[in-house]
Amino acid sequence: MDFLHRHIEALIFCAPTPLPKVEIVKCLTEMFEAEIPETHVDQAIEDLVEKYQGEDFSFQLEHSGGGFHFLTKPAYQTSIGILLRQQSQKRLSTAQLETLSIIAYKQPVTKGDIEQIRGVNSDYSVQKLLEKELVDIKGKSDGLGRPILYGTSTKFMEYFGINELSELPQPKDFLQPDNQIGEERD
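Heads up: these notes are all about the structure in this document. (Residues numbered from 1 in each chain as written. Predicted model: local features only at pLDDT ≥ 70, side-chain atom pairs only at ≥ 80, totals over all residues. Heavy atoms only, no water.)

1. Describing the overall build of the protein
At step 1: For the protein, the count of helices and strands is eight helices and five strands.
At step 2: Secondary structure elements of the protein, listed N to C terminal, follow the sequence α-α-α-β-β-α-α-β-α-α-β-β-α.
At step 3: Sorting the 186 residues of the protein into buried and exposed places 28% on the buried side.
At step 4: Taking contacts inside the protein between residues at least 6 apart in sequence as the whole, the part at least 24 apart equals 46%. (Helix = DSSP H or I, 4+ residues; strand = E, 2+ residues; numbered from the N terminus. Buried < 20%, exposed > 50% of the residue type's maximum accessible area, 1.4 Å probe, protein only. Contact = heavy atoms within 4.5 Å.)

Written as structure tokens, this is what we have:
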């Protein structure tokens, strides 16, 4: 079955986005012209995950964004950070992060809703998020003028390393300091 591991490894390596298990099975079935048991694919993926957890590799096989893909290990975060800083034009600005978080938590949402929450015009931020494919147009609202509705994309999931929106931190998870006036007394 070692050949199965190598084929799965090659498929995941070549895929431009996280590769779902369903697509892996479909490719293998077509290639071998025979039904590949899903349990064999599961076992092969588990073996590959274990293989790449070893010290010999600077990357590992991860399940995120709805599929499997190779990601660098946290130990190499510093060198990757330098590269990413050098390519900073691809980084998200504070305005883009604010806009993206509103879209992620309130989707589907109109640009007017985003601007009402942020208090400033968000045309540029929304446009940049669309260009970076972190946001998709989800349709049109039934409201006055039928404004466009925005939501997060599968690339958003991949970018933040999550599989579902439910994995986003919830507002209750953020520590809110108590509003106090004066000094605290015991």
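2. A closer look at unusual backbone geometry
Across the chain, the bulk of peptide bonds are trans and the bulk of non-glycine residues have phi less than zero.
At step 1: The residue after Gln107, namely Pro108, is reached through a cis peptide bond having omega -10°.
At step 2: With respect to the element layout, Pro108 can be found in the loop between helix H5 (94–106) and strand S3 (109–110).
At step 3: Look at Glu33: it is not a glycine, yet its phi comes out positive at around 50°.
At step 4: Here Glu33 lies in the loop between helix H2 (21–32) and helix H3 (38–52).
At step 5: Phi is positive for Glu133, which is not a glycine, with a value near 60°.
At step 6: In this structure, Glu133 sits in the loop between helix H7 (123–131) and strand S4 (135–140).

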